[in-house]
Amino acid sequence: GNGHASPVVWGDQIFLTACLPEREERVLLCLDRRTGRGQWRRVVVKSPLETLHRLNSRASGTPVTDGKRIFVTFMKIDGRKIPAPNVGSERLITPGTIVVAAYDLAGNKKWAVEVGDFISAHGYNVSPVLYKNLVIINGDHDGKSYLAALDRDTGKVCWRVDRKHGIRSYVTPIIRKIAGRTQMVLSGSKAVTSYDPATGKQHWTLDGPTEQFVASMVFNGQHFFVTG
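Remember, predicted model here, so these are calculated numbers, not experimental data. (Residues numbered from 1 in each chain as written. Predicted model: local features only at pLDDT ≥ 70, side-chain atom pairs only at ≥ 80, totals over all residues. Heavy atoms only, no water.)

### Observations concerning the overall build of the protein
Across its full length, the protein holds 0 helices and 20 strands. Relative to a compact globule of 228 residues, whose C-alpha radius of gyration would be 17 Å, the protein shows 17 Å and is just as compact. Taken along its principal axes, the extent of the C-alpha atoms in the protein is 45 × 45 × 30 Å. Pairs at least 24 apart in sequence give 49% of the contacts found in the protein among residues at least 6 apart. With the model as given, the accessible surface of the protein reaches about 10,900 Å², and the carbon-plus-sulfur share is 49%. Of the side chains in the protein, 31 bear a positive and 20 a negative charge, and the two mean positions are spaced by 3 Å. (Helix = DSSP H or I, 4+ residues; strand = E, 2+ residues; numbered from the N terminus. Rg over C-alpha atoms; globule rule 2.2 N^0.38 Å. Contact = heavy atoms within 4.5 Å. Areas by Shrake-Rupley, 256 points an atom, 1.4 Å probe, with all protein chains shown as cover. Lys, Arg positive; Asp, Glu negative; His and termini not counted. Charge placed at Lys NZ, Arg CZ, Asp CG, Glu CD.)

This is the structure in structure tokens:
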């Protein structure tokens, strides 16, 4: 398969995502860190291939693990084609939904849910973030954008907040303890915004400096740095 996700290492296991285009499968792979041999492979999503930017892949989101389960996301398309929003040249693209799934370290599926819509001419990339009992998803896309937090044990939505603008971004939120409170900060939706990761309540927001964002922010203990 092929994909742009980073490998995730826990103990002697390596977890990777990939797309098998000839089978229209998006898969989660587990390898033995010591030998490189495959331990198991699971099909997370099977659907027709989504449209995407030539530099993107259909397995770009990096999974995350808490040492008990591995959480992974892919896009599942619904078979429609629509005019691409927010692009310079007219073309048809495939809308779909964000699928989030959880597996234990032996490859047993614990749950899988469809969180919400996703539309982007450039394809899909969401890397989930863990906070306490939550799996947090950045659902910025060229439609009704949102952030969503799922219960790790069940996949049930614990909170969901709308984003101000329907603009795609591929940023992974970062969570830091700053100024006496826990803040989840991300760029996207034409702004840089801080939320409480436990509830989704907004702390603050700053407009700009651009419309769309891809790179995640960093924090050096004093300042946030953002590029766009």
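### Examining the pairing of strand β14 (residues 157-162)
Sheet analysis places strand β13 (residues 146-151) next to β14, joined by 5 bridges and oriented antiparallel. For Leu147, the partnering residue across the bridge sits in β14 and is Val161. (Pairing = 2+ DSSP bridges.)

### Looking at the environment of Glu22
Looking at the secondary structure, you find Glu22 in the loop between β2 (13-20) and β3 (25-32). Note: C-alpha distance between Glu22 and Arg33 (11 residues apart in sequence) is 27 Å.

### Considering the state of the cysteines
All told, the structure shown has 0 disulfides when counted by the stated rule. Of all cysteine sulfurs, the one in Cys30 lies closest to Cys19, which takes part in no disulfide; the gap is 20 Å. Judged by its relative accessible area of 1%, Cys19 falls in the buried class. (Disulfide = S-S within 2.5 Å. Buried < 20%, exposed > 50% of the residue type's maximum accessible area, 1.4 Å probe, protein only.)

Everything listed is a geometric property; what it means functionally is a separate question.
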